[in-house]
Amino acid sequence: MSSGPFDEFTLTGRARTHVQQYGQTPGQPPGQPRFAARPEVAAAFLAMRAAAAHDGIDMLPIASWRPFDAQARNWNRKFSGQATLYDCQGRSRDFEALAPPEIVRAILDWTGLPGATRRHWGTDIDVFDRAAHPPGYRAKLLPDEAGPDGVYARLHAWLDVHAARFGFFRPYRTRRRGMCPEPWHLSHAASAQAALAAIDIDMVARAVRGSDLLGRDLVLDILPDIFRDHVLDVDDPVPAR
């Protein structure tokens, strides 16, 4: 089941008519994880989660669909120095040493621009393995967790082999011009490619102009670069093995 085509408001996070909420809602199976996604994406993810469970991996969503306002709150906390900025190795940056354009670039290393992030599409899910947690551990979604000695090494080895079979790929598998590598970030290829083909820079500009985003004018000045590097320049889907 698909929730139909995208439009400007679903693509930019200003409507949620394309997604459904799963987990902890009436009429849904007990124990289902809580997340929001397009129906076809949710079905593929739950099938992949069931397959991973057979191999002892408790794969859960830690982030999924997110509206414009929630993404903007994340952005504003980082732009104002209330939240830590990291480099691509997961090391914290010195906020006070950064000029506003550098702050924007630092945020964009790990956080999509509100209005232009795949988070709005209902096609993308960040995952972790609850079964791998030592007592009291909380996922950080930083590079060391996904490395060969990381807490989620087994999860990512499993995804390397199986994700494409369920229609998922890693859009930030490698360091390109935009985001730092995020091996935990999975995109449903068919749905995300449809969204990518439908979005354009004018939609994003309208969403940003109508917001209270910190650094808004700076963002609008460099929006062509942001759109090229952070929306269009992602890794391609990997064929199923």
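Residues numbered from 1 in each chain as written. Predicted model: local features only at pLDDT ≥ 70, side-chain atom pairs only at ≥ 80, totals over all residues. Heavy atoms only, no water.

### Section: the overall build of the protein
Counted only if it meets this: Comment: elements are numbered from the N terminus, with helices defined as DSSP H or I runs of at least four residues and strands as E runs of at least two. When we talk radius of gyration, it's over C-alpha atoms, and the globule rule is simply 2.2 Å times the number of residues to the 0.38. Partly exposed describes any residue whose relative accessible area lies between the buried limit of under 20% and the exposed limit of over 50%, with all areas from a 1.4 Å probe on protein chains only and scaled to the type maximum. In what follows, a contact means two residues having at least one pair of non-hydrogen atoms within 4.5 Å.
Along the backbone of the protein there are 10 helices and six strands. Relative to the globule expectation of 18 Å for 241 residues, the C-alpha radius of gyration of the protein, 18 Å, shows essentially globular dimensions. A principal-axis box enclosing the C-alpha atoms of the protein has dimensions of 50 × 40 × 35 Å. When burial is assessed residue by residue, the protein has 53% of its 241 residues classed as buried. Considering only intrachain contacts with a sequence separation of at least 6, the fraction spanning at least 24 residues in the protein is 66%.

### A look at the UniProt feature "domain: D-alanyl-D-alanine carboxypeptidase-like core" (unreviewed entry) in the protein
Here is the rule: UniProt positions are given in the numbering used here, feature names are shortened, and annotations may be inferred rather than shown by experiment.
The feature "domain: D-alanyl-D-alanine carboxypeptidase-like core" (unreviewed entry), as annotated in UniProt, sits at residues 38-189 in this numbering. End C-alpha to end C-alpha, residues 38-189 measures 13 Å, and it is 36% helix and 11% strand.

### A few points about the pairing of strand β4 (residues 124-129)
The line we're drawing: Strands were regarded as paired on the criterion that DSSP finds at least two bridges between them.
Counting buried residues in β4 gives six out of six residues, a clear majority hidden from the surface. In the sheet, strand β3 (residues 59-63) pairs with β4 via four bridges, with the strands oriented antiparallel. Bridge assignment links Ala63 to a residue of β4, and that residue is Asp126. Alignment of β4 against strand β6 (residues 185-188), held across three bridges, turns out to be antiparallel.

### Considering the sheet that holds β3
For the record, the criterion: Inter-axis angles, ranging from 0 to 180 degrees, are taken between N-to-C directions of lines fitted to C-alpha atoms, where helices are fitted over the stretch in contact.
The antiparallel open sheet is built from four strands, whose spatial order is β3-β4-β6-β5. Both outer strands of the open sheet, β3 and β5 (168-169), are each paired with one neighbouring strand and no more. Packing of helix α2 (residues 39-54) onto the sheet brings it into contact with β3, β4, β5 and β6, and relative to β3 it is tilted by some 140 degrees. The strands touched by helix α6 (residues 153-162) within the sheet are β3, β4 and β6, with β4 carrying the most contacts at an inclination of about 135 degrees.

### Some details on the environment of Asp109
Among the secondary structure elements, Asp109 is positioned in helix α4 (residues 100-110). C-alpha separation for the pair Asp109 and Gly215, spaced 106 residues apart in sequence, amounts to 16 Å. Contact partners of Asp109, with chain neighbours within four places excluded, come to Tyr86, Arg93, Arg175, Gly178, Met179 and Cys180.

### Observations concerning the state of the cysteines
Disulfide: a covalent bond connecting the sulfur atoms of a pair of cysteines. Our working rule: Cysteine sulfur pairs qualify as disulfides if the two atoms are within 2.5 Å.
As enumerated under the stated definition, the model contains one disulfide in all. The disulfide bridge from Cys88 ends at Cys180, spanning 1.9 Å between sulfur atoms. For the disulfide bridge between Cys88 and Cys180, the dihedral angle about the S-S bond is near -75 degrees, and by the sign convention the bridge is left-handed. Remark: Cys180 occurs in the loop between β5 and β6 and Cys88 occurs in the loop between α3 (68-79) and α4; sequence separation between them is 92 residues. Of the two residues examined, Cys88 and Cys180, each falls in the buried class.

### Some points on unusual backbone geometry
The backbone of Leu141 shows a phi angle near 55 degrees, a positive value even though the residue is not glycine. Within the element layout of this structure, Leu141 appears in the loop between β4 and α5 (143-146). Overall, the relative accessible area of 18% leaves Leu141 in the buried class.

### Structural notes on the side chain of Arg119
Definition in use: Side-chain atoms alone can form a polar contact between residues adjacent in sequence; in general such a contact is a pair of N or O atoms within 3.5 Å, and within protein one must be able to donate a hydrogen while the other accepts it.
Looking at where Arg119 falls in the secondary structure, it is placed in the loop between α4 and β4. Given the relative accessible area of 7%, Arg119 is considered buried. In this structure the side chain of Arg119 is engaged in a polar contact, spanning 2.5 Å, whose partner is the side chain of Asp126. With near-sequence residues (within four places) excluded, Arg119 lies in contact with Ala63, Ser64, Trp65, Arg66, Gln71, Asp124, Ile125, Asp126 and His185.

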